Amino acid sequence: MCYLALLVTPGALLVASFVFNLLTLEAVGEYAGIDRIVREQRATGGLYNGFVHSVGAYKKAGYGQSAPDVTVIGSSRSLQVRDYFFKAGFYNAGGEVRSPTEAFAVTDALLRLHKPKHLVWFMDFFHFCASSARFRKNLRRPVTVPWAAGAAVQRGLVPFQLIAAKKVVGLSDFLNWGTGGAERSRQGVRLFGLGVQRGLDVAFGPDGSLYKHLDGPRPRAPRRLDVGIAEIEKGTSVWKHDCHLNLEAMQFVDLYAREMAAAGINLTLIAAPLPEFMLKRLRGSGRYGYLDEWRKRMTARHPRFLDYTSVAAISGRDCEFLDYYHGGEVTYMRIMADIGRRADTPLHSVIDTGRLDALIARWAGSLTVADNRIGDRLLADRPRMAECGYAPPGA
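In this text the structure is predicted, and so the values were computed from the model without any measurement.

Asker: Can you walk me through helix α11 (residues 289-301) in this structure?
Answerer: Relative to the 18 Å expected for 13 residues at 1.5 Å per residue, α11 spans 19 Å between its end C-alpha atoms, a close match to the ideal helical length. Every buried residue of α11 is accounted for by Y290, L291, W294, R295 and M298. Projected down its long axis, α11 carries its buried residues within an arc of 140°, all on one side. Residues of α11 that are exposed and angled more than 90 degrees away from the buried face: G289, K296 and A300.

What follows is the structure in structure tokens.
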């Protein structure tokens, strides 16, 4: 009997955990199809952050249902561009491009659903770092893999994976959520997905843009900015030392631009912004020469490349950045308002420059703006989230 119990008990625990997982995710709405989630989010103007569906699957569904005239692609440094910046339909498909070849994969998937009139690619210079210069005489288009396939996590293991990743405290959280304790809305804003129901630190709006720190103040500036300084000094994360400019990656950008022109899509390439203290550190180290080489070559090769690596010329401030390399909402309002005054790019015609100028005047020095359908409800009674009195060491 003892041996039988040893054999049966693990199986019973496995079945019980599976049922427990299923009931919890069903209770918080995670098992709904992604198309249904996006449809309800768009109808209610809610926030989404789920664990079952991948970000790519979510973005594809949102883009397909929006069928926008204007879209944005890029890494996480493209996610603060919002629909109210524009006079035309907009969806932010950003967050999934971490190399020029991935831009092809994401764009291929988007164009199978809908062709926009304008496509904006926010570019990261550190995606053009190479250990040695490479140039292909006969460059071929990259073979793209299906974008957004699969789930964000294995559905049967959600509780255990989240606990292991320290994204929840423990099983007590799941017991609470599974018995109806999850927060399904806040101040009239619907919350979709377990990620946002457990806290409002990170969530996607119905336009695909990202909202951060809606629950409370961001980490204090010294700790947040010191991380970037340390990474530059050590050459870690995306700040690798002594890179060569990746000429092959530059060729892929040339090919991408030609494809967009052939498809009749107005392409705008934008260098994503950095705070001035980070630019000062990068240049002062003497180990990031490829940054300015990349900027010069992009400007020479692409007439619609707009260089906003530094936003000082448009009155951008370091304290308006979410951290040491992600601009905040006001940072991107400044960029788009500046483009709206430039007649040399087709994008200017669809930017709501007057509205952006008025919002910048009101919210300068802030991170997140309370003048949109998310902020109106969640941030109207909150003080400005900014730390403009702080100067990082050595700035």
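There is more to say after this.
Asker: I'm lost on the pairing of strand β2 (residues 70-74) in this one. Help?
Answerer: If a strand is regular, its side chains alternate between the two faces of the sheet. Judged by how many residues are buried, β2 sits mostly within the fold: five of five residues are covered. Here β2 shows no split at all, with V70, V72 and G74 on one side and T71 and I73 on the other all buried. With five bridges connecting them, β2 and strand β4 (residues 118-123) associate as parallel partners. Of the residues in β4, the one forming a bridge with T71 is L119.

Asker: Mind showing me how you'd approach the pattern of salt bridges here?
Answerer: For side chains of opposite charge, pairing can occur when their charged atoms come near one another. Applying the stated criterion across every chain, the model contains 17 salt bridges. E293 is paired through a salt bridge with R297; the nearest N and O atoms lie 3.4 Å apart. Of this pair, E293 and R297 are both found in helix α11, four residues apart, which corresponds to roughly one turn of the helix. With a relative accessible area of 32%, R297 lands in the partly exposed category. When salt bridges that share partners are traced, they join R283, D292, R295 and D307 into one network.

Asker: Would you mind showing me how to read the pairing of β4 here?
Answerer: Where burial is concerned, most of β4 is hidden: six out of the six residues are buried. Both β4 and strand β11 (residues 266-271) contribute to a ladder of six bridges, which runs parallel. Counterpart to V120 in the pairing with β11 is T268.

Asker: Whenever I open this one, the state of the cysteines confuses me. Can you help?
Answerer: Each disulfide consists of a covalent bond between the sulfur atoms of two cysteine residues. Within this structure, the stated rule accounts for one disulfide. Disulfide pairing places C129 opposite C243 at an S-S distance of 2.0 Å. Linking C129 and C243, the disulfide has an S-S dihedral of approximately -65° and is accordingly described as left-handed. On the criterion of sequence distance, the pair formed by C129 in strand β5 (residues 129-130) and C243 in the loop between α8 (221-234) and β10 (244-245) is long-range, its members being 114 residues apart.

Asker: Explanation requested: the sheet that holds strand β12 (residues 305-307) in the structure shown.
Answerer: The strand order β3-β2-β4-β11-β12 describes an open sheet built from five strands, whose pairing is parallel. The outermost strands of the open sheet, each flanked by one partner alone, are β3 (90-92) and β12. Averaged over neighbouring strand pairs, the angle between their axes works out to 20° when direction is ignored. As judged from the three bridges shared by β11 and β12, these two strands associate in the parallel manner. Along β12, the bridge assignment pairs A271 with D307.

Asker: What should I look at first to understand the environment of V253 in this one?
Answerer: Following the sequence through the fold, V253 ends up in helix α9 (residues 247-262). The spacing of V253 and P100 is 153 residues in sequence and 6.4 Å in space, taken between C-alpha atoms. In this view, V253 contacts P100, W121, M123, F128, L269, M298 and H302; residues no more than four positions away in its chain are not counted.

Asker: Quick question: what am I supposed to make of the side chain of E329 here?
Answerer: Position of E329 relative to the elements: it lies in helix α12 (residues 329-340). Under the relative-accessibility criterion, E329 is labelled buried at 0%. Polar side-chain contacts of E329 include one of 2.9 Å to the side chain of R82.

Asker: Teacher, can you tell me more about the environment of R342 here?
Answerer: Looking at the element boundaries, R342 is found in the loop between α12 and α13 (353-363). Judged by relative accessible area, which is 28%, R342 ranks as partly exposed. At 3.1 Å, the side chain of R342 and the side chain of D344 are in polar contact.

Asker: Mind showing me how you'd approach α9 here?
Answerer: Since one α-helical turn is 3.6 residues long, residues separated by three or four positions face the same way. Here α9 contains 16 residues, and its C-alpha end-to-end distance of 23 Å stays within 8% of the 22 Å for a straight helix at 1.5 Å per residue. Among the residues making up α9, those that are buried are L247, E248, A249, M250, Q251, F252, V253, D254, L255, Y256 and M260. The inward-facing, buried residues of α9 abut β2, α4 (100-113), β4, β10, β11 and α11. Of the residues flanking the start of α9, the one acting as N-cap is N246, its side-chain oxygen 3.1 Å from the backbone nitrogen of E248. Downstream of α9 by one or two residues, G264 has phi in the positive range, about 80°.

Here is what the cut-offs are and how they apply
- Residues numbered from 1 in each chain as written.
- Predicted model: local features only at pLDDT ≥ 70, side-chain atom pairs only at ≥ 80, totals over all residues.
- Heavy atoms only, no water.
- Helix = DSSP H or I, 4+ residues; strand = E, 2+ residues; numbered from the N terminus.
- Expected span 1.5 Å × (residues − 1).
- Buried < 20%, exposed > 50% of the residue type's maximum accessible area, 1.4 Å probe, protein only.
- Arc of directions from axis to C-beta.
- Pairing = 2+ DSSP bridges.
- Salt bridge = Lys/Arg side-chain N within 4 Å of Asp/Glu carboxyl O.
- Disulfide = S-S within 2.5 Å.
- Axes fitted to C-alpha atoms, helices over the stretch in contact; angles between N-to-C directions.
- Contact = heavy atoms within 4.5 Å.
- Polar contact = N/O pair within 3.5 Å; in protein donor to acceptor, adjacent residues only side chain to side chain.

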